[in-house]
Structure formats: C-alpha cells, structure tokens
Amino acid sequence: MATTVADLLVERLIQWGVDTIFSLPGDGINGIYEALRTRQDKIRVVLVRHEESAAFAACGYAKFTRRLGVCLATSGPGGIHLLNGLYDAKCDGQPVLAITGHTYHDLIGTHYQQDVDLERLCSDVAAYSQRVMSPAHVGNVVDEAIKTAISRRTVAHITIPKDIQDWSVEDRGSKANIPGHSGDLYSDPLPLPSRSLLEKAATLINAGSKIAILAGRGCLGARAEVLQLAELLGAPIVKPLLGKAVVPDDHPLTTGGIGLLGTAPSQEVLEACDTLIIAGTSFPYLEFYPKPGQARAVQIDLDAARIGLRYPIEVGLVGHCWDVLRALLPLLEKKSDRSFLNTAQASMQQWNELMEERGTRTDTPLKPQVVVRGLNEFLADDAIICCDTGTVTTWAARHITIRGDMQFSASGTLASMGNGLPYSLGAGIAYPGRQIVCLAGDGGCTMLMGELATLVRYGLPVKIIVLKNNLLGMIKWEQLAFEGNPQYGVDLQPIDFALFAKACGATGLTVDDPGDVREVLREAFAVQGPAVVQAVIDPLEPPLPGKITTTQAWQFAKALAKGQDDRWGIIKTLVESKIREVV
C-alpha cells in the first residue's frame, strides 16, 4: 500500500507495465529507492556504474524490445549525466522515460547543494519535462510522461524534489484535480492514407522504370512487405544503418547499406534511379540521395512532419510501414523489366567478392575486417548485435551478415561513442536467453567500460569484441580525407582490455594473428559468462566510403603532403587494398 509520493510513483510505473529501471543511486532519490526496495518482486533496478550508461541502456532496451525504457538518476550531476543517452533516444526515435531527483522543494533556486534545474535542463531533449509538486500530482504527471514518450517515440522526463518523495499520500490536492481522473492506458494510432493518396502513389510508382527502395528502421517489422514490394517492382533495397536488419544481408534483392559506411552498389542504385520509395527512414546524409529532380519520390513515415524532410516528395503516406505497404501493394503492377535490378545484383556480386577478399586476408598486421567477418560463423540466427561508434561501425555495417531474426543497432543520428556496452546491457536484461554481441573500438569501449563489471554482476553472457588500434580511428580518417589535414590528437594510451576483463571477473582473450581469429572467437563464444576478445588490429587500415569522391581523394593527398607521419605506411596499405580511386 502506498504511503508516500515515491510509493505512488513506483506503483504507477508498475501499473503501466514497467518492470525494469536502469539506475545509479544517490541521496536525491533515496525516497524512490525505498519504494523500489519494497516492491522489488514487481520491478527490477539494474545498477549501472554511470548514469550515462543508464540512459543508453534504457535506449537500447527500447530499441530491442519496442517497449518503454526507463532510467533513474539522482539530483544535480546524476541527472546531467543522463543527457547524452537521452539525446541518443531522442535522435533515434525511442520511447524513454527519465526520472530524476531534485533538491528540497523550498530550497530550489537558493544555490543549495546539487540545485540544478533539471526540468529546464531537459526541456530540449524531452518532449515532456515536469516537476512533481504533490501526492495528487504524481499520477497525472507519470501518465502524461509515459503517453508522450510512447506516442511521440521520444524522451519524457519527471523530476521530484527529495523531500516531496517522502510526503504522505494524504494530501488531497486542489479541488480542480479530481482523484482518479487520469488513466494508465495508451492506444497506438494506426493511421492509413486515404484511398486517393494510395492510388496517386501507385500511379507514380507504376510509371517508374528504375525504382529504388530506401528502407530504414521504420521497416524493421515489415520485412515480408518490403521484400514483396521489391520483388514486384524489381527494385533494389538500400538500407540505412538502423535498417540493417530489415532484410537479410545476403538476400538477392538488397544492395546493403548506404552512406559513408555503405556499399558502392547502393550508391550506384540511388545515383541511377528514376523513382524512389523512402520507407521509415530519415537517413540524414543528403549527398547520398538522388539529386533533386532526378527521381520522383513517395515517402512512408509514421511522423507526418518527416515527409519531405530529406528529399522532394510527390506523395506522402503517413502510417506504419507494414500497414501502408499492405494497402499499397495490391495497387502496384509487376515489372517485367528487371534490368535495373539485374545491374545492381551484378554490381553487388562484385562487391561481395571484394568484401570476402578483404575479410579473409592472412597478412599482418591483423585487419579489422577479418575479425568482424569471422564473427558470422558464431552468430546465432536470433543474435542481437550492439555496435559502438567509430571505424568499428564501418566494419560492422559491411561485414556482419544479418540473417534470420537477428537484431542490429547503433547510435544512429547522434552517432555517440560509448553506446555499445550499455546497449548490450539493455539487450541482455531484456532477453537473458539470447546471444548478445557488442562490437566496439578501443576509444568507444573505454568511455563506459565500467559496465563490463555490470555485465558480470548480472551474469549476462555478452560477447564483447574490442578492435584495438590505440587510435581514435574514425577521427583520424576524417582529418585526412575530409579536412585535408594530418592527424592530430587521436593517439590513445594503450589499455590491455583482456586484463581489464579478468579484473572485472570476465574472460579476457587477445588475438593479433589472422590465423588465430577463428579459434579465439570459438573459445570466447564457448564461455558461459561475459567474455572480451581484444583484437589488436592494423591502425593504418582505412574505413573509406564505398565510392571515393574526387574531393575526398584530393583532401587525402593534401594531408599526406602536409607531413602525415605514417604516410608511407598508409599509401602501402591503400595499394595493397587496391583502392585505386585514392592512389
């Protein structure tokens, strides 16, 4: 039975179906922790080592479960630490509720200890940010916060002063606040475009001869519909990073990823298409879309505000991708001319052969592609892949082969480093029986590496592959290829991640020879608990785009000419990789 405001808060969360909270305690939320302690049979607190991890884990939990993720942090610095993970959720459209403490309600604004206006601080990252003022207020605020987070697929924030958490529930509130007026029910909108709009879209698509499909994370539940659409139209499926798991990577109807991490065939498809179907994506890099005016376009998105955001659209269809496609498919004509698809498939075959060659090299130093490609043999058909940000994202995007019911995610629009370990924590807590794999570089892994101890604490058998080159590699190559400058400030002090894993109570392994990769991975995946594989890789291996632009080649050459210290090693690596566009 609820006796305090904190009790009311926790009971309302339970009524909403919340059973997991990622958190780090503090005196600003001690009242809430007591309410959680007395209800630990109904709601679980996952203790993290840093509040940023709590927010990232809640985001990962939301991504992989399609449920509300919840994180809890104390007043002042605790709430501040949440921000990066919350922005990750906001940018990737994930429903996350953040709950924070606050200082004593009658000392707010008086320079008291940890007096940070978290309500105001979170006003940008959160679509809803409110301070609980009384026992009669808490239920209303929780309901509104959760409905906002779920309906808008974004962040909501609640903050409660520490003394209010302990207030008695006997306060009746104002006369206007009728008890029990707010409900703990959310109803998902299921909009469908009008018949006339569907027919207009079908007419446009049926008139096209070189049709491309850009299928993002909004299509993750629409695999069957996307494949049917592609087969009907002879249209290659191009996948932004967050849509990597929309269809299997080895399916003949996809050309894989797009963008700096993508494939040359995908870029060629978008450069040549005359019709573009954008489904469930706000892929941000405008330079990879067809030139405005080149292609006629139809866009499907649940958010009407996203229609036409990246490309001029003639027909916008608002709704869930699976629902809209089911309504649209009967209106489309089967294309007998498959030449556009055939050309893309021939190009993709050559790309796959190139990736196979690069992913099976036996020379030293060890190439990162060899490690990542070697993982495919050990991945279960329902594995969850959590990828950090950096050059590791390139290797994962190109060399992890999605199949079956695998899930894959990374920090998409925010592209934050440090997300990999917390994502895997969120996934492991949500699916304790599934295989979870975390791919990280040494830079990203270091940021929140304390969460390895969290994985050990909860017995989560996450397999962590750390690509170690003692370098902030993506930044190095951006300095070289995009800015035309020699690298600066990107060298890292080496860390023995295998030794660190052992210190945390996990298994730690190291591999630096291509011939040992398979056996070391086999040993890691045979471990019952968490395991870290430290792969010492070639720091000169460049994560170059699928197609090199003239500008990138020129900037790269300028950087070498300015005195890049390892320029001859880089040139040698490029020649060996047969990247003729640069050489």
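Scroll up a little and you will see the structure.
Calculation rules
Residues numbered from 1 in each chain as written. Predicted model: local features only at pLDDT ≥ 70, side-chain atom pairs only at ≥ 80, totals over all residues. Heavy atoms only, no water. Helix = DSSP H or I, 4+ residues; strand = E, 2+ residues; numbered from the N terminus. Rg over C-alpha atoms; globule rule 2.2 N^0.38 Å. Contact = heavy atoms within 4.5 Å. Areas by Shrake-Rupley, 256 points an atom, 1.4 Å probe, with all protein chains shown as cover. Lys, Arg positive; Asp, Glu negative; His and termini not counted. Charge placed at Lys NZ, Arg CZ, Asp CG, Glu CD. Core = buried A, V, L, I, M, F, W, Y, C linked by side-chain atoms within 4.5 Å. Buried < 20%, exposed > 50% of the residue type's maximum accessible area, 1.4 Å probe, protein only. Pairing = 2+ DSSP bridges. Right-handed = clockwise from strand over helix to strand, strands pointing away. Axes fitted to C-alpha atoms, helices over the stretch in contact; angles between N-to-C directions. Disulfide = S-S within 2.5 Å. Polar contact = N/O pair within 3.5 Å; in protein donor to acceptor, adjacent residues only side chain to side chain.

**Things to note about the overall build of the protein chain**
Link 1 in the chain: A count of helices and strands for the protein chain gives 22 helices and 18 strands.
Link 2 in the chain: Here the C-alpha atoms of the protein chain give a radius of gyration of 25 Å, agreeing with the 25 Å that 2.2 N^0.38 yields for 583 residues.
Link 3 in the chain: When the backbone C-alpha atoms are referred to their principal axes, the protein chain occupies close to 75 × 65 × 45 Å.
Link 4 in the chain: Restricting to contacts in the protein chain with at least 6 residues of sequence separation, those with at least 24 account for 75%.
Link 5 in the chain: Carbon together with sulfur atoms contributes 52% to the accessible area of the protein chain, which is approximately 23,500 Å² in total.
Link 6 in the chain: Positive and negative side-chain charges of the protein chain, numbering 54 and 64 respectively, have mean locations separated by a distance of 4 Å.

**Observations concerning the nonpolar core**
Link 1 in the chain: Counting residues in hydrophobic clusters, the biggest one holds 50 residues, and the most contacted among them are Phe-22, Cys-71, Leu-86, Leu-425 and Ile-464.
Link 2 in the chain: For this core, the element with the most residues is helix α3 (residues 51-65), which contributes nine residues.
Link 3 in the chain: Cys-387, Ala-397, Ala-410 and Val-520 belong to the second largest nonpolar core, which has 36 residues in total.

**So, the pairing of strand β3 (residues 69-73)**
Link 1 in the chain: Most of β3 sits out of view: five of its five residues are buried.
Link 2 in the chain: Looking at chain direction, strand β1 (residues 20-23) and β3 are connected through two bridges and run parallel. Paired with Phe-22 across the two strands is Cys-71, which belongs to β3.
Link 3 in the chain: By the bridge criterion, five bridges tie β3 to strand β4 (residues 96-102) in an arrangement that is parallel. Bridging across to β4, Cys-71 finds its partner in Ala-98.
Link 4 in the chain: Once the chain exits β3 it traverses helix α4 (residues 77-91) before rejoining the sheet at β4, and the crossover so formed is right-handed.

**Things to note about the sheet that holds strand β8 (residues 237-239)**
Link 1 in the chain: Within the open sheet, the six strands sit side by side as β9-β8-β7-β10-β11-β12. Their pairing is parallel. The sheet is open, and its two borders are formed by β9 (254-257) and β12 (315-318), each paired with just one other strand. Pairs of neighbouring strands in the sheet enclose a mean axial angle of 15°, with direction left out of account.
Link 2 in the chain: Sheet topology note: the strand β7 (residues 211-215)/β8 ladder contains two bridges and is parallel. Each bridged residue has a counterpart across the sheet, and for Leu-214 the counterpart in β8 is Val-238.
Link 3 in the chain: The sheet strands contacting helix α10 (residues 264-272) are β7, β8, β9 and β10 (275-279), and the helix crosses β9 at an angle near 110°.

**Quick word on the state of the cysteines**
Link 1 in the chain: This model, assessed by the stated rule, comprises zero disulfides.
Link 2 in the chain: Free cysteine Cys-91: the closest other cysteine sulfur is in Cys-59, separated by 9.5 Å.
Link 3 in the chain: For Cys-91, a relative accessible area of 25% translates into the label partly exposed.

**Some details on the side chain of Ser-282**
Link 1 in the chain: You can see Ser-282 is positioned in the loop between β10 and β11 (296-301).
Link 2 in the chain: A polar contact of 2.8 Å, which involves the side chain of Ser-282, links it to the side chain of Arg-306.
Link 3 in the chain: Residues within four places of Ser-282 in sequence aside, it is in contact with Tyr-289, Asp-301, Arg-306, Leu-309 and Arg-310.

**Topic: unusual backbone geometry**
Link 1 in the chain: For the peptide bond that leads from Thr-364 to Pro-365, omega is 0°, which places it in the cis range.
Link 2 in the chain: Mapped onto the fold, Pro-365 is located in the loop between α12 (339-359) and α13 (368-375).
Link 3 in the chain: For Arg-66, which is not a glycine, the phi torsion comes out positive at approximately 60°.
Link 4 in the chain: Looking at where Arg-66 falls in the secondary structure, it is placed in the loop between α3 and β3.
Link 5 in the chain: In this structure, Arg-153 takes a positive phi of about 50° despite not being glycine.
Link 6 in the chain: In this fold, Arg-153 is placed in the loop between α6 (135-152) and β6 (155-161).
Link 7 in the chain: Among the residues examined, Arg-153 registers a relative accessible area of 28% and is labelled partly exposed.

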